[in-house]
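The lines below spell out each chain.
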Amino acid sequence: MGAELDYGEIEDVLARIMGKEVSFGGMVQEMLEGGSVLSKGNLPELLGNLLLEQLKIHGQTMSHLLLLIISAAFIATISKAFRNRQISDMGFYMIFLLLFLIMMKSFGACYVLAEKVIGDMISFMRVLMPAYLMAAAVSSYRTSAVVYYEGFLLLNFYLQKLVEVFLLPAIRCYVLLSMLGYLGKEEYFSKGREGLKRLILWSLKAMVGISAGFQMIQGMISPAVDEMKHTILSKGISSLGSVGNVAQNVTDVILGSGALLKNGIGAVAAVMIVSICLVPVVETACYAVFYQVLAAVAEPVSDKRLIGAISQMGEGIGLLVKLLFSVCAMFLLTIAFVCVTTGGIR
């Protein structure tokens, strides 16, 4: 039955995202035959190699930032011997400008990466859901398949608009406010920055909560309708005597195969979602952690404004990590709800 579904569009999208050919249908078939698409032994090695690679990539950037921080501390110490504070101020602004350029370059890389990964996940889910819900329809959940697909199209549209129009620009605005706030001797824009951060975090929580609630409400109604139809059909076939019993057994086998196929597609799809976002999340999280560690190490010796800017850059990149986690969690919840609420035949 799995061979009758067309995975061509799914595999084309995965090939574009992964940069290599991915046999989605083959992975589903392997799952149905009792195999596993996960390789537990390779996962720790993969994460270890990824962390080492990120350490090499960020090592040069972090060394440049650390050199600038030490230079700022040196200039501040030397300037105390002079009455004129202009030397210290000019040195600070020059170093802050260099620091700003280096940090905004790394933030821009994380921003583009997050934008690309979210677009990739949306594209993958857009081609996955027709095949996934077709398998759900085969397992006697036709009403649920139609309702879930309509709900997913609505959810996908509003999610894309929310991320593109509000969340990503808001995170970029938060980072810019954070950098500008440390230019003067006093901290500026602190209330606006904290308010914007709180709004972003509330939006992420609301996005996941509304998605889960929407899927839960759908799971309360449409599967019950499908189960009632299946029960009526089953009782009607069983009333036909021995011929009805044979027909009922054949029907149960077909519907059970559909449920198995649907669950196999869902399991492989969940693995693909995690595969799409795993490496970008680790890369972005490494940036956030490195900035926080750098701020903590340099705090005793450098200007508090430079330390505050570095720490806030880590916070801004951390918001990108939370955004990636939230979108990934939404799509995993969608797959899980369809799998659970359109379970096997009874």
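The text that follows walks through the structure, step by step, so that each part is easy to find. (Residues numbered from 1 in each chain as written. Predicted model: local features only at pLDDT ≥ 70, side-chain atom pairs only at ≥ 80, totals over all residues. Heavy atoms only, no water.)

Some details on the overall build of the chain
Note the following rule: Working definition: helices are DSSP H or I runs of at least four residues, strands are E runs of at least two. Numbering for both runs from the N terminus. The buried label goes to any residue with under 20% of its type's maximum accessible area, the exposed label to any with over 50%, and the partly exposed label to all in between, with areas taken from a 1.4 Å probe on protein chains only. Only heavy atoms matter for contacts: two residues are in contact if any of them lie within 4.5 Å across the pair. Method for areas: the Shrake-Rupley scheme with a 1.4 Å probe, in which residue coverage is limited to the protein chains shown.
Of the regular secondary structure elements, the chain holds eight helices and zero strands. Along the chain, helices and strands appear, N-terminal first, in the series α-α-α-α-α-α-α-α. Within the span of the chain, comprising 346 residues, buried residues form 45% of the whole. Pairs at least 24 residues apart make up 84% of the contacts formed inside the chain by residues separated by at least 6 positions. Accessible surface, the chain as shown: approximately 17,700 Å² in total, 67% of it carbon and sulfur.

A closer look at the environment of R305
Position of R305 relative to the elements: it lies in helix α8 (residues 304–341). Residue classification places R305 among the buried residues on the basis of a relative accessible area of 11%. In this structure the C-alpha to C-alpha distance between R305 and M179, which are 126 residues apart in sequence, comes to 9.5 Å.

Here we look at the environment of Y182
Summarising the element assignment, Y182 is placed in the loop between α5 (142–181) and α6 (190–238). Taking relative accessible area as the criterion, Y182 reaches 10% and is therefore assigned buried. Residues Y182 and K304, 122 residues apart in the sequence, show an inter-C-alpha distance of 8.9 Å. Not counting residues up to four positions away in its chain, the partners in contact with Y182 are F92, F96, E187, R193, R305, G308, A309 and Q312.

Quick word on the side chain of K197
To keep it simple, the criterion reads: In the analysis that follows, any N or O atom pair within 3.5 Å is treated as a polar contact, provided that within protein one partner can donate a hydrogen and the other can accept it, and provided that, for residues neighboring in sequence, both atoms belong to side chains.
As for its position among the elements, K197 is in helix α6. Side-chain polar atoms of K197 contact the side chain of E315, separated by 2.8 Å.

Focus on a nonpolar patch on the surface
Here is the rule we go by: A patch consists of residues exposed above 30% relative accessible area that lack any salt bridge, with like charges linked at up to 9 Å and nonpolar side chains (Val, Leu, Ile, Met, Phe, Trp, Tyr) linked at up to 5 Å. By convention in these notes, a salt bridge is any Lys or Arg side-chain nitrogen within 4 Å of a carboxyl oxygen on Asp or Glu.
On the surface, Y93, L180, L183, Y188 and F189 cluster together to form a nonpolar patch covering roughly 470 Å² of accessible area. For L183, the location among the structural elements is in the loop between α5 and α6.

Here we look at the pattern of salt bridges
Within the structure shown, the criterion is met by four salt bridges. R16 serves as the salt-bridge partner of D120, at 3.6 Å between the closest nitrogen and oxygen. Pair noted here: D120 is in helix α4 (residues 86–138) and R16 is in helix α1 (residues 8–18), with a separation of 104 residues, a long-range link. D120 sits in the buried class, given a relative accessible area of 6%.

Some thoughts on the nonpolar core
This is how the line gets drawn: Nonpolar cores are built from buried Ala, Val, Leu, Ile, Met, Phe, Trp, Tyr and Cys residues. Side-chain atoms within 4.5 Å join them into one set.
Among the nonpolar cores identified, the biggest contains 89 residues, and F24, F124, L128 and L323 are the most heavily contacted of them. Secondary structure elements with two or more residues in this core: α1, α2 (24–32), α3 (42–79), α4, α5, α6, α7 (242–298) and α8. Here this core gets 23 residues from one element, more than from any other, and that element is α4. When sequence neighbours within four positions are dropped, the list of residues in contact with L128 reads I10, F24, I265, A269 and I335.

Concerning α1
An α-helical segment advances 3.6 residues per turn. Residues three or four places apart therefore align on the same side. The complete set of buried residues in α1 reads I10, V13, L14, A15 and I17. Positioned one or two residues after α1, G19 has a phi angle of 80°, which is positive.

Some details on the state of the cysteines
Here is the rule we go by: Note that a disulfide, as used here, is simply two cysteine sulfur atoms within 2.5 Å.
One pass over the full model with this rule turns up zero disulfides. C110 takes part in no disulfide bond, and the closest cysteine sulfur to it belongs to C286, at a distance of 9.7 Å. The exposure class assigned to C110 is buried, which follows from its relative accessible area of 1%. C277 forms no disulfide, and the closest cysteine sulfur to it belongs to C328, at a distance of 3.2 Å.

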